[in-house]
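Summary of structural features
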Amino acid sequence: MFSPSDLRTVLTSYLVHHPTESTRLAPVAAALDAAHRTPDPVPVTCSAVVIDHDRLVLHTQNAPAGSGLPGAEHQDGDRSPLATALRAVRDQTGIRPGDLCLTPQFLHAPLDIAPGPGAVSRTSGAPIADLRYTFYVAHKPNKPNAQALWQPAADVTLTELAAKATGLDGQVNPLNASALICNSRGEYLLHLRDMREGIWAPGCWALLGGGHEPGDRTPEDTIRRELAEEAGIIPQRLETFLDEEVRDPDGLTVPVRIFTALWEGDPARLPLTEGVMLAWFPPATVPRLRLGGETLDLVQRHARIAEPT
């Protein structure tokens with residue numbers, strides 16, 4: 001179960017994007033208001049709307065509350081409502097988080113929220129809402145179990161959810177973008193990340209970059225925005241290098257587009273807003289650093305290409 005304040009944040013953010021649903025979700029808001037007067041966590045269910053590239057939606061025969069969707073209540077160890085939904089997919093269909101990725105339309109936000117029996121009838125201990133998160137299939141699952149059923153989005157039994165799911169195309173595109181930033185001396189600009197739990201590669205040197213945001217139309221928009229926001233860098237040249245995949249803290253696949261960028265400057269003079277510091281390193285020094293993810297491989301691959309013949 002999650003705290004009333006955490007769930008209020010989810011609901012408030014959702015209603016900013018779906019203001020016409022405030023009346024439908026008024027019982028959920030009222031239940032959260034009542035829960036703020038007690039120290040107890042609030043029960044909710046968290047469901048997953050999994051869409052493949054053919055726009056089919058994953059159903060399971062043992063779905064809770066007859067929704068047809070994989071779903072479950074929170075358990076100890078679930079990092080977030082989204083993590084609960086992922087656990088439900090794995091437990092009820094055998095599909096692993098690594099076979100799925102977030103959608104650029106919704107990212108970590110729910111696709112839909114529906115009042116639960118605890119909000120409608122005020123039944124003590126019953127879930128007050130079902131938070132429905134959406135995922136695309138990044139890799140075809142090897143062995144989904146017999147409970148996994150795929151149906152067209154238009155056939156989803158919940159009318160309001162079917163309309164939302166039908167508008168999603170299921171096509172996996174880069175959700176993050178990073179930059180191999182070089183200078184004319186052949187050095188690479190690396191970013192020392194914060195030592196903080198819950199983030200990718202804490203305390204490691206890595207490439208600058210970040211995740212897709214709703215206003216980004218392309219991965220190039222993402223990397224230009226991230227470089228400007230994180231460090232005030234406007235690259236002199238920006239080119240696509242390759243696409244790769246990483247895993248986020250929930251185990252989801254994150255498609256990443258790697259760019260190469262040319263920039264000349266003193267990193268000590270940059271207005272760094274995230275992490276500890278930026279520094280230039282020649283390729284020979286990079287292997288001696290504590291590095292995040294595939295940073296070493298990317299630097300070495302690019303350095304081999306960039307070597308004069």
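Just above sits the structure.
Report on the accompanying structure. Just so we're clear, the structure is a prediction, and the values are computed from it rather than from any experiment. (Residues numbered from 1 in each chain as written. Predicted model: local features only at pLDDT ≥ 70, side-chain atom pairs only at ≥ 80, totals over all residues. Heavy atoms only, no water.)

1. Thoughts on helix 6 (residues 219-231)
End to end, helix 6 covers 18 Å across 13 residues, agreeing with the expected 18 Å (1.5 Å per residue, within 8%). Buried within helix 6 are the following residues: Pro219, Thr222, Ile223, Arg225, Glu226, Leu227, Glu230 and Ala231. Looking at the buried positions of helix 6, the neighbouring elements they touch are strand 8 (176-182), strand 9 (188-192), strand 11 (208-211), strand 12 (237-247), strand 13 (253-262) and strand 14 (277-281). The first or second residue beyond helix 6 is Gly232, which carries a positive phi of 70°. (Helix = DSSP H or I, 4+ residues; strand = E, 2+ residues; numbered from the N terminus. Expected span 1.5 Å × (residues − 1). Buried < 20%, exposed > 50% of the residue type's maximum accessible area, 1.4 Å probe, protein only. Contact = heavy atoms within 4.5 Å.)

2. Observations concerning the pairing of strand 12
Relative to strand 13, strand 12 is paired through ten bridges, and the arrangement is antiparallel. Bridging from a neighbouring strand, Glu245 pairs with Pro255 of strand 13. Hairpin connection of strand 12 to strand 13: five residues between the antiparallel strands, including Gly251 at a positive phi of 90°. (Pairing = 2+ DSSP bridges.)

3. Structural notes on the pattern of salt bridges
Summed over all chains, the structure comprises 24 salt bridges. A salt bridge links Asp221 to Arg217, with the nearest nitrogen and oxygen atoms 3.4 Å apart. Using a relative accessible area of 73% as the deciding quantity, one classes Arg217 as exposed. Here the salt bridges do not stand alone but share partners, grouping Glu21, Arg24, Asp112, Asp130, Arg132, Glu160 and Lys164 into one network. (Salt bridge = Lys/Arg side-chain N within 4 Å of Asp/Glu carboxyl O.)

4. Re the environment of Ser178
For Ser178, the position within the fold is in strand 8. You can call Ser178 buried: its relative accessible area is 15%. Between the C-alpha atom of Ser178 and that of Thr253, which follows or precedes it by 75 residues, the distance is 16 Å. Non-local contacts of Ser178, meaning those with residues more than four positions away in its chain, are made with Leu207, Leu208, Gly209, Ile223, Val256, Arg257, Ile258 and Phe259.

5. Observations concerning helix 1 (residues 4-17)
Taking 1.5 Å per residue, 14 residues should reach 20 Å; helix 1 reaches 20 Å between its end C-alpha atoms and fits that length. When we look at burial in helix 1, the residues that qualify are Pro4, Leu7, Val10, Leu11 and Tyr14. Mapping the buried residues of helix 1 onto a view down its axis gives an arc of 125°, with all of them on the same face. In this structure, helix 1 carries Thr9, Val16 and His17 as exposed residues pointing more than 90 degrees from its buried face. As for helix 1, its buried residues are in contact with helix 2 (26-35), strand 5 (112-115), strand 6 (129-137) and helix 5 (159-166). (Arc of directions from axis to C-beta.)

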